[in-house]
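Coordinate analysis (summary)
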Amino acid sequence: ADEDVSNVTVGTLNNSSALGAVAGGAGSVAFRYSNYTGIAGAPNLQQLTTISFSFSSLTTGSNYNNGFQAYIDYNQDGDFADAGEQVYSSAASTSGPHTETGSFVVPISATLGITRMRVICIETTFPSATNYASSV
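Cut-offs and rules
Residues numbered from 1 in each chain as written. Predicted model: local features only at pLDDT ≥ 70, side-chain atom pairs only at ≥ 80, totals over all residues. Heavy atoms only, no water. Pairing = 2+ DSSP bridges. Helix = DSSP H or I, 4+ residues; strand = E, 2+ residues; numbered from the N terminus. Axes fitted to C-alpha atoms, helices over the stretch in contact; angles between N-to-C directions. Phe/Tyr/Trp six-rings, centres within 6.5 Å; stacked < 30°, edge-to-face > 60°. Buried < 20%, exposed > 50% of the residue type's maximum accessible area, 1.4 Å probe, protein only. Contact = heavy atoms within 4.5 Å. Core = buried A, V, L, I, M, F, W, Y, C linked by side-chain atoms within 4.5 Å. Lys, Arg positive; Asp, Glu negative; His and termini not counted. Salt bridge = Lys/Arg side-chain N within 4 Å of Asp/Glu carboxyl O. Polar contact = N/O pair within 3.5 Å; in protein donor to acceptor, adjacent residues only side chain to side chain.

**Digging into the sheet that holds strand 7 (residues 99–105)**
Strand order in this open sheet of four strands is 2-1-3-7, and the pairing throughout is antiparallel. Unpaired on one side and paired on the other, strand 2 (13–16) and strand 7 mark the two borders of the sheet. Strand-to-strand twist of the sheet, defined as the mean angle between neighbouring strand axes without regard to direction, takes the value 20°. Relative to strand 7, strand 3 (residues 50–59) is paired through seven bridges, and the arrangement is antiparallel. In the strand pairing of strand 7, Ser-52 is matched with Ser-103.

**Considerations on the packing of aromatic side chains**
For the structure shown, the criterion picks out six aromatic pairs. A connected cluster of aromatic rings, assembled from ring pairs, spans Phe-53, Phe-55, Phe-68, Tyr-88 and Phe-104.

**Some thoughts on the pairing of strand 2**
Side chains of strand 2 alternate between two faces, with Leu-13 and Asn-15 buried and Asn-14 and Ser-16 left unburied. Counting the residues that bridge the hairpin from strand 1 (residues 3–10) to strand 2 gives two residues, and of these Gly-11 lies at a positive phi of roughly 60°.

**A look at unusual backbone geometry**
When glycine is set aside, most residues are seen to have a negative phi, and most peptide bonds are trans. The phi dihedral of Leu-48 falls on the positive side, at around 65°, and the residue is not glycine. By the element assignment, Leu-48 lies in the loop between strand 2 and strand 3.

**Digging into the environment of Phe-55**
As for its placement among the helices and strands, Phe-55 is situated in strand 3. A relative accessible area of 1% places Phe-55 in the buried class. When sequence neighbours within four positions are dropped, the list of residues in contact with Phe-55 reads Asn-7, Val-8, Val-10, Phe-68, Ala-70, Tyr-88, His-98, Thr-99, Glu-100 and Val-119.

**Topic: the environment of Asp-73**
Within the fold, Asp-73 resides in the loop between strand 4 (65–72) and strand 5 (86–89). Considered as a pair, Asp-73 and Arg-118 are 45 residues apart in the sequence and their alpha carbons are 8.4 Å apart. Sequence-distant contacts of Asp-73, defined by excluding residues within four places in its chain, comprise Gly-78, Asp-79, Phe-80, Glu-85, Thr-115 and Arg-116.

**A few points about the nonpolar core**
With 16 residues, the main nonpolar core has Val-10, Phe-55, Tyr-74 and Phe-104 as its most contacted residues. Contributing elements (two or more residues each) for this core: strand 1, strand 3, strand 4 and strand 5. Not counting residues within four places of it along the chain, the set of residues in contact with Phe-104 comprises Val-10, Leu-45, Thr-49, Thr-50, Ile-51, Phe-53, Ile-72, Tyr-74 and Val-87.

**Description of the side chain of Arg-118**
Structurally, Arg-118 can be placed in strand 8 (residues 117–123). It is Asp-79 that comes nearest to the buried, bridge-free Arg-118 among opposite-charge side chains, at 9.0 Å. A polar side-chain atom of Arg-118 sits 3.4 Å from a polar atom in the side chain of Tyr-33.

In structure tokens, the structure reads:
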């Protein structure tokens, strides 16, 4: 309840939210999960293209260690657990609000069409592949 994802920028996608904001998608819960499926416009990510990203967090004033992970459901099978679907993981946890940047390459095997992405920032506990990657 102290830290949250404040911005996700991936390619041309630039989606910001306020602390505790509830997105309009199914299953959204304040301070826990925001579903922007069908709300934020999907960027056009071409196969074999290097895509730049940035993820930012914000805080209510109390700072705790946290880290980001990002997944893309490249084969569109409804989960984020397949090999290669984790496109980013923080190198180390960071205390308080911060921005992390990087890039990834969309694989040639990626299924064409609109594909779901999940960005995770977990307060106090550094995210691992088993935290939320396989939940839909």
